[in-house]
Amino acid sequence: MNAEVDGPAAAIPDAGPRPTPAERRGLLTALASRHIIDRGFDGVSVNDLARDLGISVGGLYRYIRTKSDLLVMACETIYGGLGETIAAIAANNQTSVPEKLADAVEVYLRECLKNRDQILLMYREYRHLPREAHQRYKAREQEILTVFVGLVGSGVQQRIFREVNAVVLAHDIVLLGHLPALKGWSVGTTVTPEAVLTEQVELVMSRLRTSAPET
């Protein structure tokens, strides 16, 4: 979803095989994201978007019903399938609870890093999303929160982790994933994404350790 798209140069070329509907929809999603990020939702022109996509305005409306659908498409990949992925990590009986949590947190943070533009867009343009899109986003985030709450709570119950409020810590983890989107203008200029991710995972796990790790 985070493909680099920069204006008309990204439009579908005239030569070569025609893109499939799925490929054209993917390009539309990427272009819509870039237009909304650059101009704001109110500043997006359907005419400009159709031109950059290389189709007519009527052709564009084969993929959307209203202009708001462009914003929905741009935000739709946030957390898409992520709940199922980390739930599978949590269900793996071959690893310990701390390993499961660390792996799940890392996968979540990497996905947020990949979708940082869309996360920032969602914060900025949330009021323009239709109600059903709000509900879908909340449900996906709740699915992720539930996995983190379960892993932290399980570790506390087994006395593998120190006593913490699992719900609060799960929300902290979710918010950590939004850091590159909300503070990338500052953090990204001094620290690499990999360093940020490493520190964030350690921050969560160090909060849960019952004793300091051996050196």
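Residues numbered from 1 in each chain as written. Predicted model: local features only at pLDDT ≥ 70, side-chain atom pairs only at ≥ 80, totals over all residues. Heavy atoms only, no water.

Looking now at the overall build of the protein. Secondary structure summary: the protein contains eleven helices and zero strands in total. Its helices and strands taken in sequence order, the protein reads α-α-α-α-α-α-α-α-α-α-α from the N to the C terminus. Each of the three principal axes of the protein carries a C-alpha extent, and together these read 65 × 35 × 35 Å. Across the protein, contacts joining residues at least 24 apart in sequence account for 75% of those joining residues at least 6 apart. Carbon and sulfur atoms make up 54% of the accessible area of the protein, which totals about 11,800 Å². (Helix = DSSP H or I, 4+ residues; strand = E, 2+ residues; numbered from the N terminus. Contact = heavy atoms within 4.5 Å. Areas by Shrake-Rupley, 256 points an atom, 1.4 Å probe, with all protein chains shown as cover.)

A separate point is the packing of aromatic side chains. According to the stated counting rule, one finds three aromatic pairs in the structure shown. On the numbers, 5.4 Å between centres and 20° between planes, the contact of Tyr 79 with Tyr 137 is stacked. Within this pair, whereas Tyr 79 is found in the loop between α4 (68-75) and α5 (82-90), its partner Tyr 137 is found in helix α8 (residues 131-157), the two being separated by 58 residues in sequence. Look at Tyr 79 and you get buried, because its relative accessible area is 3%. On the accessibility criterion, Tyr 137 (12% relative accessible area) is buried. (Phe/Tyr/Trp six-rings, centres within 6.5 Å; stacked < 30°, edge-to-face > 60°. Buried < 20%, exposed > 50% of the residue type's maximum accessible area, 1.4 Å probe, protein only.)

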